[in-house]
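Survey of secondary and tertiary structure
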Amino acid sequence: MDSTSASASTSSNLIPQWNYDVFLSFRGKDTRFTFTDHLYPNLIRKGIHTFRDDSLKRGEEIAPELLKVIEESRFALIVFSENYAGSKWCLDEVVKIMECKKEMKQTVIPIFYHVDPSHVRNQTERFGEAFSNYKKDTEEMKEKVRSWRRALTEAANLSGQHVKDGYVSEHIKKTVDNIFRRLNCRMIDVGTNLVGMDSHVNEILRRLCIDQLNDVRVIGISGIGGMGKTTMAKVVYNNLSHEFEYMSFLENVRETRNTMGLCHLQNQLLCDLLETENKQSVSSIGQGANMIKNVLQFKRVFIVFDDIDDPDQLEYLLRDWDWLGKGSRVIITTRSKHLLQETNDVYEVERLNFEQAYELFSLYAFRQNLPNQDFIHLSNSLVSYCHGLPLALKVIGSLLFNKTILQWKSELHKLKREPEMKIQNVLKISFDGLNHIQKKIFLDIACFFKGEDKDSISRILDSCDLCAEIGIQVLYDKSLIYLSENNIVMHDLIQEMGRQIVRGQFPDNPEKWSRLWDPNDVCRAFAMKKG
């Protein structure tokens, strides 16, 4: 199992990298050749990358390399046994584990192997006897003992397993299946080369306020197509996969609704929340909405609705925030800001800066962080052309991988006249969602008015009976334009997409275009008409 996905801490600016799925803490003399000896291979057989500290040399103080391993583990399994507290090393492990739970959102699962949880919690019986043997002759030792006691109490208060009666194999299977389900079924592939992702993810996590368990928060992520909204949501989802018992990621809601219907989306949401592969009997969207309401009640859930483009989608998937239990969190990604008016917060994704764009482009074009020396000038031109849009940087970078300088020059020349279709098709989705008048306004801005004063543009458009105020607001809501000091600004690739739409089926015949903006094309059109 791949355990290199990033996980986030809401109390840290860093996103720690999990290198292990599970850290196994146990007292060797009690369980090395019994319970732990069976638990460890069962974890491994399930593909769960587990660390067992057999190879490290034991001493009075816990080894620094072991502390690092604990920090790099997504889960910590603590096998409490009779003589566990008799080891300072084990007690130091528990202290570190509980620190990682608090600071890095590590998931901790205690297993009480033939010991009563209350004995661990209150340090009585064999745990109390162990503590009576520790000398408290220095302030340092007194503080260490206090920290051990705190950690044991905190760990014993967590939900875990009490292995007392029944077959050990059944307890082990339950533990392994629980971790496997939480690790394997919830993680989503986010791809590679996530340049600039950490700052986005940390900001979204900050706004989600995961530690606040008494409220419900719904966060929107908005931006034009190709900006990485879905990838950001996936990384956040993976980071929080250990935080929630009930989770769902509904990817590409817009397309799925158009091709398979809302009932299919409702069914997927219900299956995710009920953790079953069996299709739910959703016969109508009204029935599905009621089933979702009943399933959600009193549950703390984390749901991502990806690429919402119509209020009806939310109407029948999550009509009312009151359906959600306390502590629930929802992320909605969309190109249309007006769909996020009732959310608690909206994170607007900005384009990559030149340094980030340069690195992302190089990773796809050269499979390294920087371009080859002979390609630096061409790389600069192509990165500038992409204008910080991650999709464009990936598509064009991949297209040019292993190509010659001559082929690079040819591609750059072609792009200036004929944009790459894979990029244009993604950007055009927002345009396709406009009505007839809004499309006219968009094309006029793309061809004539980019960078001009909004009020001046509105007067011109109103004189053409185009209802400028409403139309411009819709374009803004769909992230097709934005305002800077009252000037209408448009991403270069969106502008080029608009002009390509005007060229349409007659790219070499400007006489048939609805708009002319280039003096050369104007001359060509007149020449063709005279001819």
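One can find the structure itself at the top, above this paragraph.
Model, not experiment: these values are computed from the prediction.

1. Details of the overall build of the protein
Each helix and strand counted, the protein has 24 helices and 12 strands in total. Considering the protein as a whole, with its 531 residues, one finds that 51% of them fall into the buried category. Accessible area for the protein stands at about 25,500 Å²; split by element, carbon and sulfur atoms hold 48% of it. The averaged location of the 73 negative side-chain charges in the protein is 2 Å from the averaged location of its 69 positive side-chain charges.

2. Here we look at unusual backbone geometry
Within the chain, Cys-467 stands out as a residue other than glycine whose phi angle is a positive 50°. By secondary structure assignment, the location of Cys-467 is in the loop between α21 (454-463) and α22 (468-477). Judged by its relative accessible area of 44%, Cys-467 falls in the partly exposed class. Phi is positive for Asn-486, which is not a glycine, with a value near 70°. Tracing the backbone through its elements, the reader meets Asn-486 in the loop between β11 (482-484) and β12 (487-489). Looking at Asn-486, the relative accessible area reads 31%, which means it is partly exposed.

3. Topic: the packing of helix α17 (residues 390-400) against helix α19 (residues 421-432)
Running from N to C, α17 and α19 cross one another at 160°; their axes reach a closest spacing of 9 Å. In terms of their interaxial angle, α17 and α19 are classed as roughly antiparallel. In the crossing of α17 with α19, the sense of the turn from one axis to the other is right-handed. Facing Leu-391, Ala-392, Val-395 and Ile-396 of α17, the residues of α19 in contact are Lys-422, Ile-423 and Val-426. Partitioned by chemical class, the residues of the contact of α17 with α19 number six nonpolar, no polar and one charged.

Rules of the game
- All residue numbers refer to positions counted from 1 along the written sequence of the respective chain.
- Selection of residues for local features in this predicted model requires a pLDDT of at least 70, selection of side-chain atom pairs for listing and counting requires 80 or more, and totals for whole chains, interfaces and linings are taken over all residues.
- For the side-chain quantities, the full set of heavy atoms in the structure was used; hydrogens and water were omitted.
- Elements are defined by DSSP. Helices are runs of H or I of four residues or more, strands are runs of E of two residues or more, and each kind is numbered from the N terminus.
- Buried means the residue's accessible area, taken with a 1.4 Å probe over protein chains only, is under 20% of the maximum for its type, while exposed means over 50%, and partly exposed covers the values in between.
- Per-residue and other accessible areas were derived by the Shrake-Rupley procedure at a 1.4 Å probe size, with only the shown protein chains allowed to occlude residues.
- His is not counted here, nor are the chain ends, while Lys and Arg score as positive and Asp and Glu score as negative.
- Lys charges are placed at NZ, Arg charges at CZ, Asp charges at CG and Glu charges at CD.
- Axes, fitted as lines to C-alpha atoms, cover a helix only where it is in contact. Angles between the N-to-C directions of the axes lie from 0 to 180 degrees.
- Each angle gets one of four labels, with under 35 degrees taken as roughly parallel, over 145 as roughly antiparallel, 65 to 115 as roughly perpendicular, and the rest as oblique.
- Should the near helix be turned anticlockwise from the far one by less than a right angle, the crossing is termed left-handed; should it be turned clockwise, right-handed.
- Throughout, a contact is declared for two residues whenever any of their heavy atoms are within 4.5 Å.
- Amino acid classes used here: Ala, Val, Leu, Ile, Met, Phe, Trp, Tyr, Cys and Pro are nonpolar; Asp, Glu, Lys and Arg are charged; the rest, including Gly, are polar.

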